[in-house]
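This is what each chain is made of:
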Amino acid sequence: MNRLYHLEQTLPLSILATASYPDREFIILNYGSKDSLHQWVQKNLKKYIDAGIVKYLRTKIPKNFVATHAKNIAHKQASGDILCNVDADNIVLEGYPEYLAETFQKNKCIVSSPPTDIFNVAGSCGKIAVIKEHFYSVNGYDENLNLGWGWDDTNFQFRARMLNDLKYIVVEKKWCVSLNHSNCERSRNFRNSNIEETKQISIEKCIDSYYNKNYIVNNNIEWGFIEDLTINSL
């Protein structure tokens, strides 16, 4: 939401860097953006959409950003067997799809990233890769964490690995490059912009999941869904 100024830097680089892996698919979700994201997609991504490299999703309903809901929508529209969340401020580097394919072939695992990248810039911890089956086994990201920023990715990977007994692999920093920006930018579009407060809510949910072994979320709701979603509609 309203992060075109990041996406226009990271996405073209990610697409070009991963050209050696033909089965890659980038899911771009326009989650109620009020900037010119839609026009940028029309102008710059049509050839990639036509080639099946990019799938463009759009909803006009959201007034605030809900990371867990947005991630679930995007993940459920992916056609691949390996799902990898990539935030708008992250770049996918050359060789990373091959690395993931080989890693999942050899291990029953979930692949996460360190909190800082190769340049010690914070912001890479949201890059989490998982087999589709394991993503669905826990009903994805917890949409009850809907107020603000922080730890929704930790909450997801913890539940997925506990329920499925997955090996936890944290990639080397060499695979991580993030754009440097403020926490104010991270929290700007959420209902609650107090990062410490919303992070604490997620931490408490993780602790609750651990003690109660309650790893499946979003029960009795149609998770990863929004009524007006369009796909590749330019």
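Residue numbers run consecutively from 1 along every chain, following the written order of its sequence. Local features in a predicted model are, by the rule used here, given only for residues with pLDDT of at least 70; side-chain atom pairs are given and counted only at 80 or more, and totals for whole chains, interfaces and linings are based on all residues. Side-chain numbers come from the whole structure's heavy atoms, not from hydrogens or water.

**Concerning helix α5 (residues 96-106)**
We count it as follows: Exposure classes here rest on a 1.4 Å probe applied to the protein chains alone. A residue is buried below 20% of its type maximum, exposed above 50%, and partly exposed in between. Counting from the N terminus, the helices are the DSSP runs of H or I reaching at least four residues and the strands are the DSSP runs of E reaching at least two. The directions considered for the arc are those from the helix axis to the C-beta atoms.
When α5 is considered as a whole, its buried residues turn out to be Tyr 96, Pro 97, Leu 100, Thr 103 and Phe 104. The buried residues of α5 occupy an angular sector of 130 degrees when the element is viewed end-on, so they sit on one face. Those residues of α5 that are exposed and angled more than 90 degrees off the buried face are Gln 105 and Lys 106.

**Thoughts on the state of the cysteines**
We apply this condition: The disulfide criterion is simple: two cysteine sulfur atoms within 2.5 Å.
Applying the stated criterion to the full structure yields zero disulfides. Here Cys 84 is not disulfide-linked; the sulfur of Cys 176 is the nearest cysteine sulfur, at 9.7 Å. Overall, Cys 84 belongs to the partly exposed group, its relative accessible area being 27%. Distance from the sulfur of Cys 109, which forms no disulfide, to the nearest cysteine sulfur (Cys 84) is 12 Å.

**Points about the pattern of salt bridges**
Where we set the bar: Should a side-chain nitrogen of Lys or Arg be within 4 Å of a carboxyl oxygen of Asp or Glu, the pair is scored as a salt bridge.
According to the stated counting rule, one finds seven salt bridges in the structure shown. The salt bridge involving Asp 152 is made with Lys 71; its shortest N-O contact spans 2.8 Å. Taken together, the residues span a long stretch of sequence, with Asp 152 in helix α7 (residues 152-164) and Lys 71 in helix α4 (residues 67-76) at a distance of 81 residues. When the shortest N-O distance is used, the salt bridge between Lys 205 and Asp 142 registers 3.1 Å. Highlighted residues: Lys 205 in helix α9 (residues 195-212) and Asp 142 in the loop between α6 (132-137) and α7, separated in sequence by 63 residues. Using a relative accessible area of 28% as the deciding quantity, one classes Lys 205 as partly exposed. The exposure class assigned to Asp 142 is buried, which follows from its relative accessible area of 3%.

**As for the packing of aromatic side chains**
Inclusion rule: In this scheme Phe, Tyr and Trp rings, the latter by its six-membered ring, pair at centre separations within 6.5 Å, and the angle between planes marks the pair as stacked below 30 degrees, edge-to-face above 60, and tilted otherwise. Sitting over a ring, as applied to charges here, requires NZ of Lys or CZ of Arg to be within 6 Å of the ring centre and within 35 degrees of the ring normal.
A full pass over the atoms with the stated rule returns 14 aromatic pairs. Aromatic ring contacts, followed pair by pair, group Phe 135, Tyr 136, Tyr 141, Phe 156 and Trp 223 into a single cluster. A cation over an aromatic ring shows up here: Lys 127 above the ring of Tyr 96, its NZ or CZ 4.5 Å from the ring centre. The positively charged end of Arg 161 is found above the aromatic ring belonging to Tyr 168, 4.6 Å away from the centroid.

**Observations concerning the environment of Val 86**
The topology assignment puts Val 86 in the loop between β3 (82-84) and β4 (90-91). Looking at Val 86, the relative accessible area reads 33%, which means it is partly exposed. Placed 109 residues apart in sequence, Val 86 and Ile 195 show a C-alpha to C-alpha distance of 20 Å.

**Concerning a nonpolar patch on the surface**
Where we set the bar: Excluding any residue in a salt bridge, patches collect residues exceeding 30% relative accessible area, merging like charges within 9 Å and nonpolar Val, Leu, Ile, Met, Phe, Trp and Tyr side chains within 5 Å. Each accessible area value is a Shrake-Rupley result obtained with a 1.4 Å probe; residue values ignore everything except the protein chains displayed when judging cover.
Where nonpolar side chains cluster on the molecular surface, the patch consists of Met 162, Ile 207, Tyr 210 and Tyr 211 and spans about 440 Å² of accessible area. In terms of residue count, the dominant contributor to the nonpolar patch is α9 (three residues).

**Some details on the side chain of Glu 143**
Threshold: We count Lys and Arg on the positive side and Asp and Glu on the negative side, and we leave His and both chain ends out. Each polar contact in these results corresponds to two N or O atoms within 3.5 Å; when the atoms are within protein, one needs to be able to donate a hydrogen and the other to accept it, and residues that are neighboring in sequence are counted only if both atoms are side-chain atoms. Only heavy atoms enter the contact rule, under which two residues are in contact if any of them lie within 4.5 Å.
Relative to the helices and strands, Glu 143 is located in the loop between α6 and α7. Buried charge without a partner: Glu 143 forms no salt bridge, and the closest opposite charge is Lys 76, 7.2 Å away. Polar contacts involving the side chain of Glu 143 include one to the side chain of Asn 72, which spans 2.9 Å. Excluding residues that lie within four positions of it along the chain, Glu 143 makes contacts with Thr 68, His 69, Asn 72, Asn 218, Ile 221, Trp 223 and Gly 224.

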